[in-house]
Amino acid sequence: MKIDFTQATFVKSAPSIKEAPQGLFPEVLLVGKSNVGKSSLINALCRKKALAFTSSKPGHTRLLNYYNINDKLYLVDAPGYGYAKGGFDLDKLFGEMMNDYFSKATRLKLVLVLLDSRRELSTNDIEIINYLREKDIKHLLVFTKADKINQSEKAKLLKHLSEIGVEKDEITFASTLKAKTIEELKNKISSL
Ligand SMILES: Nc1nc2c(ncn2[C@@H]2O[C@H](COP(=O)(O)OP(=O)(O)OP(=O)(O)O)[C@@H](O)[C@H]2O)c(=O)[nH]1
Ligand SMILES: [Mg+2]
């Protein structure tokens, strides 16, 4: 199935899955550490500059944001984790919101786990990947900001991933600056 990602509209921001839109379409959820590039990736996929709100400061997205893609699927932008400031604990929000989400989102088809190409996986990242594996939820590890690493850094990362048992077809690299990587990701999403 070919999905036209440029036909994208914002549907709503939900403080919890209770307020999510009626489950008309299959859902693809994006999760990842705050500032990893979730909202930017949505904009790149949809070729829109400001469909999803991005920020250079972490902790921006605090709601589940639903985007309707071509009346074929919802992309769901989740708050990031790994960031606490000013009495606001993003990890707590993420944990509670996601527990609820995973138990109720019956149309969830795929989780994109975003990881920064330049950083090692955090404990949070590994916990989420293990959780998805245990629950048998289809997922793809998307290494973001791939424009910031060179070939030898990429090779090193791939070696590390293979050592910790991550399979090649579980991984994709993405950069908002490299259209080819965005096309590849679209094809992977469409084929699922
Ligand atoms: N060089 C480069 N920068 C990127 C890329 N993707 C995102 N960024 C930058 O990373 C920063 C964070 O991006 P966001 O998309 O707001 O990150 P987020 O994961 O939605 O963050 P939260 O909503 O806080 O969880 C912004 O300054 C983006 O411009 C990329 O592929 N390459
Ligand atoms: Mg965001």
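A quick note: this is a predicted structure, and the numbers were derived from the prediction, not measured.

Conventions and cut-offs
- Position labels on residues start from 1 in each chain and follow its written sequence.
- Written order determines the labels here, with chains lettered from A and ligands numbered from 1.
- Two thresholds apply to this predicted model, a pLDDT of at least 70 for residue-level local features and 80 or more for giving and counting side-chain atom pairs, whereas whole-chain, interface and lining totals are computed over all residues.
- For side-chain calculations, the full set of non-hydrogen atoms in the structure is used, while hydrogens and water are omitted.
- Nonpolar core, defined: a set of buried Ala, Val, Leu, Ile, Met, Phe, Trp, Tyr and Cys residues in which side-chain atoms within 4.5 Å join the residues together.
- Relative accessibility thresholds used throughout: buried, under 20% of the residue-type maximum; exposed, over 50%; partly exposed, between the two (1.4 Å probe, protein chains only).
- Secondary structure elements follow DSSP: runs of H or I no shorter than four residues count as helices, runs of E no shorter than two count as strands, and numbering proceeds from the N terminus.
- Two residues form a contact once any of their heavy atoms are found within 4.5 Å.
- Pairing of aromatic rings covers Phe, Tyr and the six-membered ring of Trp, with a centre-to-centre limit of 6.5 Å; geometry is then stacked below 30 degrees between planes, edge-to-face above 60, and tilted otherwise.
- Criterion for a charge above a ring: Lys NZ or Arg CZ within 6 Å of the ring centre, and within 35 degrees of the ring normal.
- Here, expected helix span is obtained from the residue count minus one, scaled by 1.5 Å.
- As used here, the arc belongs to the directions running from the helix axis to the C-beta atoms.
- One heavy atom within 4 Å of a molecule or strand is enough for the residue carrying it to be called near that molecule or strand.
- Between N or O atoms, a polar contact is any pair within 3.5 Å; within protein, one atom must be a potential hydrogen donor and the other a potential acceptor, and residues adjacent in sequence are included only when both atoms are from side chains.
- For every accessible area listed, the method is Shrake-Rupley and the probe measures 1.4 Å; residues are considered covered only by the protein chains on display.
- By the convention adopted, Pro, Cys, Tyr, Trp, Phe, Met, Ile, Leu, Val and Ala count as nonpolar, Lys, Arg, Asp and Glu as charged, and the other residues, Gly among them, as polar.
- Should DSSP find at least two bridges between two strands, the strands are taken to pair.
- Axis definition: a line fitted to C-alpha atoms, over the contacting stretch in the case of helices. Angles run 0 to 180 degrees between N-to-C directions.

Caption draft 1: Representation of the nonpolar core within the structure. Core analysis: the largest hydrophobic core is formed by 36 residues, its most contacted members being L29, M98 and Y101. Looking at which element gives the most residues to this core, the answer is helix α2 (residues 90-104), with five residues. Leave out the neighbours within four places in its chain, and M98 touches L29, V31, L64 and A78. Listed in part, the 26 residues of the second largest apolar core include V28, C46, L73 and V142.

Caption draft 2: Expanded view of the packing of aromatic side chains. Applying the stated criterion across every chain yields a total of six aromatic pairs. Arranged with centres 5.7 Å apart and planes meeting at 85°, the rings of Y66 and Y74 form a pair that is edge-to-face. You can call Y66 buried: its relative accessible area is 0%. Given the relative accessible area of 3%, Y74 is considered buried. Every member of this aromatic cluster is reached through a ring pair, and the members are F25, Y66 and Y74. In this structure, K154 packs its charged tip against the face of F173, placed 4.5 Å from the ring centre.

Caption draft 3: Focus on helix α3 (residues 123-134). Here α3 contains 12 residues, and its C-alpha end-to-end distance of 16 Å stays within 8% of the 16 Å for a straight helix at 1.5 Å per residue. Within α3, burial applies to D125, I128, I129 and L132. For α3, the angular spread of the buried residues around the axis is 95°, confining them to a single face. Away from its buried face by more than 90 degrees, α3 exposes T123, E127 and E134.

Caption draft 4: Spotlight on the site of ligand 1. In the region of ligand 1, 20 residues are neighbours, and K38, S40, H60, T61 and D147 sit closest. In this structure, an oxygen atom belonging to ligand 1 sits 3.3 Å away from a main-chain N or O atom of V36. Contact between ligand 1 and T176: an oxygen atom at 2.8 Å from a main-chain N or O atom of the residue. A total of 660 Å² of accessible area belongs to ligand 1 in isolation, and the protein chains cover 85% of it. Among the residues making up the shell around ligand 1, the classes are represented as two nonpolar, 14 polar and four charged.

Caption draft 5: Summary view of the sheet that holds strand β4 (residues 73-77). Spatial strand order, β1-β3-β4-β2-β7-β8-β9: seven strands in an open sheet with mixed pairing. Edge strands, defined here as strands with exactly one partner in the open sheet, are β1 (8-14) and β9 (171-173). For this sheet, the mean inter-axis angle between neighbouring strands, taken without regard to orientation, is 25°. With six bridges connecting them, strand β7 (residues 108-116) and strand β8 (residues 139-144) associate as parallel partners. Bridge pairing links V113 to L141 in β8. With respect to the sheet, helix α4 (residues 151-163) is in contact with β8 and β9, its orientation differing from that of β9 by roughly 165°.

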